[in-house]
Amino acid sequence: MYYRFGKVFHFLTVLVFIFVFLYTYSALPDQVAYEIDSQGAISKIISKNTFFYIGIILFVVLNIILITPGKLIENQSTKNIKRLFSIGDVFRDYMLTWIYSFVGIINISLCIMSIFVHSINNQNEISSGEFNFFFYLIPVFFVVWIVGLFWILLKKFKSLQSN
């Protein structure tokens, strides 16, 4: 039941990423800076089209690769998955919720990076220094989600040992 919240969160982050990425793409100049040095000068640039294709390909590949285990568990694709995460098992629900929400966190991270590239290229609209909080927030989200995964797996292994 809870995994549906994870699916909705994932779907919403997909929509947010598409909106943010297209907004960023439309506001970028023909040559996109994606790295600045310590003095604030542009050190690396790529073309606008290359940025677009790299961003979309990265987004699609990450979503497909990371959603696949969730779909395998949800569809009960193999005997081992059926045995480990049977329908009605509370840990199946936890694992699916974790997978879908983790991919949502990845999508939010991609949105933040896209906005950061936008801020580098449009310093008059948004200062890149305003995103320091968000860059510290991304690793915190990852650590919390990874600790959550280990907690779910630990509880699942304990329940398997008790049976």
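For the structure, see preceding data.
Presented here is an overview of the structure given in this document. (Residues numbered from 1 in each chain as written. Predicted model: local features only at pLDDT ≥ 70, side-chain atom pairs only at ≥ 80, totals over all residues. Heavy atoms only, no water.)

**Quick look at the overall build of the protein**
Consideration 1: The helix and strand tally for the protein stands at five helices and two strands.
Consideration 2: Secondary structure elements of the protein, listed N to C terminal, follow the sequence α-β-β-α-α-α-α.
Consideration 3: Taking 163 residues into account, the globule formula puts the C-alpha radius of gyration at 15 Å, and the protein, at 19 Å, lies well above it.
Consideration 4: Considering only C-alpha atoms, the protein reaches an extent of 60 × 25 × 20 Å along its principal axes.
Consideration 5: Of the roughly 10000 Å² that the protein leaves accessible, carbon and sulfur atoms contribute 70%. (Helix = DSSP H or I, 4+ residues; strand = E, 2+ residues; numbered from the N terminus. Rg over C-alpha atoms; globule rule 2.2 N^0.38 Å. Areas by Shrake-Rupley, 256 points an atom, 1.4 Å probe, with all protein chains shown as cover.)

**A few points about the side chain of S119**
Consideration 1: By the element assignment, S119 lies in helix α4 (residues 90–121).
Consideration 2: Here the side chain of S119 touches F116 through a polar contact of 2.7 Å, landing on its backbone oxygen. (Polar contact = N/O pair within 3.5 Å; in protein donor to acceptor, adjacent residues only side chain to side chain.)

**Details of the packing of helix α2 (residues 48–75) against α4**
Consideration 1: In contact at an axis separation of 9 Å, α2 and α4 are set at 175° when each is read in the N-to-C sense. Considering their axes alone, α2 and α4 lie roughly antiparallel with respect to each other. Facing α2, whose interface residues are F51, L58, F59, L62, N63, L66, I67, P69, G70, K71, I73 and E74, α4 presents R92, M95, L96, I99, Y100, F102, V103, I106, N107, L110 and V117.
Consideration 2: Taken together, the residues of the contact of α2 with α4 sort by class into 17 nonpolar, three polar and three charged. (Axes fitted to C-alpha atoms, helices over the stretch in contact; angles between N-to-C directions. Parallel < 35°, antiparallel > 145°, perpendicular 65-115°, else oblique. Contact = heavy atoms within 4.5 Å. Nonpolar A, V, L, I, M, F, W, Y, C, P; charged D, E, K, R; others polar.)

**Considering α4**
Consideration 1: With 32 residues, α4 should reach 46 Å at 1.5 Å per residue; the first-to-last C-alpha distance of 47 Å fits that figure.
Consideration 2: For α4, the tally of buried residues reaches 25 of 32 residues, placing the bulk of the element in the interior. (Expected span 1.5 Å × (residues − 1). Buried < 20%, exposed > 50% of the residue type's maximum accessible area, 1.4 Å probe, protein only.)

**A short note on the packing of aromatic side chains**
Consideration 1: A full pass over the atoms with the stated rule returns eleven aromatic pairs.
Consideration 2: Taking the centre distance of 5.2 Å and the plane angle of 15° together, the rings of F17 and F21 count as stacked. Placement of the pair is F17 and F21 together in helix α1 (residues 3–27), with a separation of four residues, close to one helical turn. Each of the two residues, F17 as well as F21, counts as buried.
Consideration 3: Ring centres of F141 and W145 lie 6.0 Å apart, and the angle between their planes is 90°; on these two criteria the pair is classed as edge-to-face. Taken together, the residues F141 and W145, both in helix α5 (residues 132–162) and four residues apart, mark about one turn of the helix.
Consideration 4: A connected cluster of aromatic rings, assembled from ring pairs, spans F17, F21, Y25, F51, F52, Y53 and F59.
Consideration 5: Against the face of Y25 rests K48, its NZ or CZ located 4.8 Å from the ring centre. (Phe/Tyr/Trp six-rings, centres within 6.5 Å; stacked < 30°, edge-to-face > 60°. Lys NZ or Arg CZ within 6 Å of the ring centre and 35° of its normal.)

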